[in-house]
Amino acid sequence: MTSIQDLEALTTQVRRDIVRMVHANNSGHPGGSLGCTEFFVALYNKILNHNPDFNMDGNGEDLFFLSNGHISPVWYSVLARSGYFNIEELATFRKLDSRLQGHPATEEGLPGIRIASGSLGQGLSAACGAAQTKKLNGDDSLIFTLHGDGELQEGQIWEAAMYAAGHKIDNLIATVDYNGRQIDGDVDDVLTLGDLEGKWKAFGWEVLIENEGNNLSKVIDVLEKAKSLTGKGKPIMILLRTEMGHGVDFMMGTHAWHGVAPNDDQLAEALNQNPETIGDY
Amino acid sequence: MAKDYPVLGSKDTRSGFGDALYQLGQENEDVVALCADLTGSLKMNAFKDAFPDRFFQVGIAEANMMGVAAGMTIGGKIPFTGTFANFSTSRVYDQVRQSIAYSEKNVKICASHAGLTLGEDGATHQVLEDIGMMKMLPNMVVINPCDYNQTKAATLAIAKHHGPVYLRFGRPKVPIFIPEDMPFEIGKGIKLIEGTDVTIVATGHLVWKAVEAAKELEAQGISAEVINIHTIKPLDDEIILDSVAKTRCIVTCEEHQIAGGLGESVAGLLCRTIPTPQEFVAVNDQFGESGTPDQLLEKYGLGTKDVIEAAKAVVKRK
């Protein structure tokens with residue numbers, strides 16, 4: 001799976017997975033999942049040196065931490081379609097006795113998950129720790145994270161931001177899903193992030209901005225650029241402008257689909273806009 | 001005659017932690033330590049000086065420290081976090097809950113200055129709810145050793161246990177009475193004194209008070225059995241049930257609120273098995289205040305005389 005055409009097809013299929021998973025139990029978070037689909041497809045297919053034969057320590061592998069755990073549908077879909085577990089298991093999302101918890105967890109042993117997330121603001125700290133263990137172990141692999149922009153309102157993020165720069169954690173590439181929306185509305189209306197680029201720079205981070213976060217090639221390029229900047233004494237932040245709900249027209253341009261499932265008609269319309277490519281689960 | 005425990009010296013329990021941490025640093029290169037600007041208070045200087053590459057100064061950012069520690073386990077490190085008990089629990093409860101306990105991370109949360117005996121700093125720092133908070137978390141082991149030697153032994157033991165642990169100790173110098181070679185096994189209580197009339201179960205600094213109380217009770221004709229419960233979770237059900245089967249009454253002693261403490265764990269065990277009269281030597285729904293450790297223990301009803309009175313009261317309820 002290396003050509004951009006193949007990855008575009010996968011992206012469409014992942015979008016189908018997301019809306020079907022959320023629809024199937026009338027709960028979950030489609031908006032952010034759809035907006036980050038290109039990021040996940042790019043990360044797992046073009047960027048990460050990873051092994052779907054999962055082990056928790058991941059020595060010798062790049063590791064990914066999802067801090068905004070509510071966009072679990074896109075992660076589960078991409079993990080399954082990267083070989084971490086059977087795609088049929090996507091049908092168990094949010095159901096009793098499933099390994100696919102509403103928010104990612106380790107307790108049920110789902111391959112690919114290294115720490116629970118859901119309560120926001122904690123993933124950057126864990127990523128810093130994992131990055132420092134890599135250094136202690138002489139392992140030159142990288143640590144990647146994803147965060148919501150609304151999540152940056154949590155204070156712990158800035159504790160970790162200060163820590164990462166202070167300890168020169170330069171094997172860490174964080175990305176913010178900069179879609180400008182959160183549950184209660186636009187981020188600027190709920191609590192503005194102000195000059196986000198300036199904030200991260202002031203905290204001592206190298207900052208990259210990609211305004212086309214739903215363009216697969218651009219996402220791959222910015223992640224590759226970030227990799228080229230590792231090992232230079234600074235943690236790296238990518239501010240990735242995305243569109244919440246991307247790929248399903250009626251879910252775009254609003255915060256309304258942050259955590260709402262489509263009904264039967266809406267599902268049909270969403271699937272119509274994302275025709276089956278490599279096969280439904 | 002009640003078994004005698006000669007006082008071997010006087011040291012703070014936090015020094016037992018610091019000395020054991022240094023020893024662990026020598027023995028196990030996977031042991032790493034994190035501290036939130038309290039290196040001296042936690043007695044972590046020896047580790048820091050000997051193993052600077054494995055010591056991580058986090059600054060005054062305890063939430064981040066818990067998350068960093070959780071992340072460090074991925075790849076095989078065994079992180080020991082050090083800060084005050086208050087900042088190890090209530091301040092960071094959600095981080096401990098999600099990133100450590102629920103995620104089953106091999107983090108050792110090492111907490112000093114617990115309880116009233118922190119002394120003059122007052123109630124903001126005298127956490128009396130930490131045992132309750134931590135024992136409620138699935139996967140979490142909760143340990144509160146009673147003197148320097150036991151704190152040292154406990155610190156060495158938790159490094160060998162895979163999984164999250166809360167280790168609680170304190171600031172003041174207290175008598176050393178546990179023999180240095182006494183085995184320490186997580187989850188196994190220690191019968192310090194055999195007795196027949198009343199069971200006294202104690203944890204942390206209150207264990208010495210219980211030993212002192214047993215001597216005085218013996219002089220008054222009451223034979224007290226003293227059990228040191230250093231591991232509040234998992235609780236050693238067997239040692240408690242065996243004892244109350246004989247004595248038919250129990251006193252629980254701890255430097256903690258009644259709510260959520262060792263006493264409630266014991267009461268829960270007994271009401272499910274052998275309903276037994278129980279008295280609680282613990283803080284009763286109050287915050288502490290500034291004062292010397294001894295003044296505070298006396299004012300809040302945690303002194304030797306309070307253990308004696310509780311024992312006499314519970315014997316009458318049989």
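Since we're looking at a predicted model, the values are computed, not measured.

(A) Local environment of unusual backbone geometry. Residues and elements named next belong to chain B. In this chain, K233 is followed by P234 through a cis amide linkage whose omega measures 0°. Mapped onto the secondary structure, P234 falls in the loop between β12 (231-233) and α9 (237-247). For H113, which is not glycine, the phi torsion reads 60° and is therefore positive. Take H113: it is sitting in the loop between β5 (108-112) and α6 (130-135). H113 gets classed as buried once you look at its relative accessible area, which sits at 3%. Positive phi is not limited to glycine here, since D285 has a value of about 55°. For D285, the location among the structural elements is in the loop between β14 (278-283) and α11 (293-299).

(B) Representation of helix α5 (residues 123-136) of chain A in the model. Residues and elements named next belong to chain A. Here α5 contains 14 residues, and its C-alpha end-to-end distance of 20 Å stays within 8% of the 20 Å for a straight helix at 1.5 Å per residue. Looking at α5, one finds that the buried residues are G123, L124, S125, A126, A127, C128, G129, A130, A131, Q132, T133 and K134. Within two residues after α5, G138 carries a phi angle of roughly 65°, on the positive side.

(C) Expanded view of the environment of B:A282. Residues and elements named next belong to chain B. Looking at the secondary structure, you find A282 in strand β14. It is 9.9 Å that separates the C-alpha atoms of A282 and G303, two residues lying 21 residues apart in sequence. Not counting residues within four places of it along the chain, the set of residues in contact with A282 comprises E254, H256, Q257, I258, Y300 and L302.

(D) Spotlight on the sheet that holds strand β7 (residues 165-168) of chain B. Residue and element names in this part refer to chain B. Taken together, the seven strands give an open sheet; going across it, the order is β3-β2-β4-β5-β7-β6-β12, and neighbouring strands pair in mixed fashion. Each edge of the sheet is formed by a strand with only one pairing partner; in this case those strands are β3 (55-57) and β12. In this sheet, adjacent strand axes meet at a mean angle of 20° when their direction is disregarded. With four bridges connecting them, β5 and β7 associate as parallel partners. Along β7, the bridge assignment pairs I109 with Y166. Running over the sheet, helix α3 (residues 62-72) touches β2 (31-35), β3, β4 (78-84) and β5 and is turned about 165° from β4.

(E) Region of the structure containing the pairing of β5(B). All names here are of chain B. Most of β5 is tucked away: five of the five residues are buried. Residues K108, C110 and S112 point to one face of β5 and I109 and A111 to the other, with burial holding for every one of them. As judged from the five bridges shared by β4 and β5, these two strands associate in the parallel manner. From the neighbouring strand, T83 faces β5, where its bridge partner is A111.

(F) View of the interface of chain B and chain A. If you look at the interface, chain B gives 29 residues, while chain A gives 31 residues. For the pair chain B and chain A, the two sides together bury roughly 2,300 Å², of which 52% comes from carbon and sulfur. Three residues, B:I74, B:Q98 and B:Y102, lead the burial of chain B against chain A; their summed loss comes to 27% of the area buried on that side. Remark: the boundary between chain B and chain A carries 19 residue pairs in polar contact (both at pLDDT 80 or more). Elements with a contribution of two residues or more to the side of chain B that touches chain A: β3, α3 and α5 (93-102) of chain B. Sort the elements by how many residues they give to the side of chain B that touches chain A and α3(B) lands first, with eight residues. Class assignment of the residues belonging to the side of chain B that touches chain A gives a composition of ten nonpolar, twelve polar and seven charged.

(G) Main features of the side chain of A:D139. All names here are of chain A. Looking at the element boundaries, D139 is found in the loop between α5 and β2 (143-148). Assessed through its relative accessible area of 12%, D139 is described here as buried. Contact partners of D139, with chain neighbours within four places excluded, come to G58, N59, G60, E61 and K134.

(H) Looking closely at the pattern of salt bridges. Residue and element names in this part refer to chain B. Using the criterion set out here, one finds 22 salt bridges over all chains in the structure. Among the salt bridges present, the one from E120 reaches R171, with a minimum N-O distance of 3.9 Å. Separated by 51 residues along the polypeptide, E120 in the loop between β5 and α6 and R171 in the loop between β7 and β8 (173-176) bring together distant segments of the chain. E279 is the salt-bridge partner of R317, the closest N and O atoms lying 2.7 Å from each other. Note that R317 is positioned in the segment after α12 (304-316) and E279 in strand β14, a separation of 38 residues in sequence. Residue classification places R317 among the partly exposed residues on the basis of a relative accessible area of 45%. Looking at E279, the relative accessible area reads 24%, which means it is partly exposed.

(I) Region of interest: the sheet that holds strand β1 (residues 63-66) of chain A. Residue and element names in this part refer to chain A. Taking strand neighbours across the sheet as the criterion, the five strands line up as β1-β2-β3-β7-β6 in an open arrangement whose pairing is parallel. Only two strands of the sheet have a single neighbouring strand rather than two, namely β1 and β6 (206-210). On average, each strand axis in the sheet is tilted by 20° relative to the strand beside it, whichever way the strands run. Running at roughly 170° to strand β7 (residues 236-241), helix α9 (residues 216-228) makes contact with β2, β3 (172-178), β6 and β7 of the sheet.

(J) Highlighting the nonpolar core. In this structure, A:L172, A:W200, A:W205, B:V96, B:I109, B:M140 and B:I240 are the most contacted members of the largest nonpolar core, which totals 75 residues. Domain assignment of the residues forming this core places at least three in each of domain 1 (10-175) and domain 2 (190-317) of chain B. Those residues in contact with A:W200 that lie beyond four places of it in its chain are A:L124, A:L152, A:I157, A:W158, A:A161, A:W205, A:V207, A:M237 and A:L239. Counting 56 residues, the second-largest nonpolar core is a separate cluster that includes A:L43, A:F64, A:I220 and A:L267.

Rules of the game
Every chain is numbered independently, its residues counted from 1 as its sequence is written. Labels are handed out in written order, letters beginning with A for the chains and numbers beginning with 1 for the ligands. Selection of residues for local features in this predicted model requires a pLDDT of at least 70, selection of side-chain atom pairs for listing and counting requires 80 or more, and totals for whole chains, interfaces and linings are taken over all residues. Excluded from the side-chain calculation are hydrogens and water; included are all heavy atoms of the structure. Helix numbering and strand numbering both begin at the N terminus, where a helix is a DSSP run of H or I of at least 4 residues and a strand a DSSP run of E of at least 2. Categorising residues by exposure relies on relative accessible area from a 1.4 Å probe, with only protein chains included: less than 20% of the type maximum marks a residue as buried, more than 50% marks it as exposed, and the intermediate range marks it as partly exposed. Multiplying one less than the number of residues by 1.5 Å gives the expected span of a helix. Contacts between residues were defined by any pair of non-hydrogen atoms, one from each residue, lying within 4.5 Å. In this analysis, strands are considered paired if DSSP registers two or more bridges between them. Here the axes come from fitting lines to C-alpha atoms, over the contacting stretch only for helices, and the angles between their N-to-C directions go from 0 to 180 degrees. Here the quantity called buried area is the total loss of accessible area, with a 1.4 Å probe, experienced by two parts when brought into contact, counted for both. N or O atoms within 3.5 Å of each other form a polar contact, as long as, within protein, one can give a hydrogen and the other can take it, and as long as residues adjacent in sequence are counted only when both atoms are side-chain atoms. When residue character is reported, Ala, Val, Leu, Ile, Met, Phe, Trp, Tyr, Cys and Pro are called nonpolar, Asp, Glu, Lys and Arg charged, and the others, Gly included, polar. Each salt bridge in this description consists of a side-chain nitrogen of Lys or Arg and a carboxyl oxygen of Asp or Glu lying within 4 Å of one another. Buried residues of nine kinds, namely Ala, Val, Leu, Ile, Met, Phe, Trp, Tyr and Cys, make up a nonpolar core once their side-chain atoms join them within 4.5 Å. Domain borders in the structure are assigned automatically or taken from a domain database.

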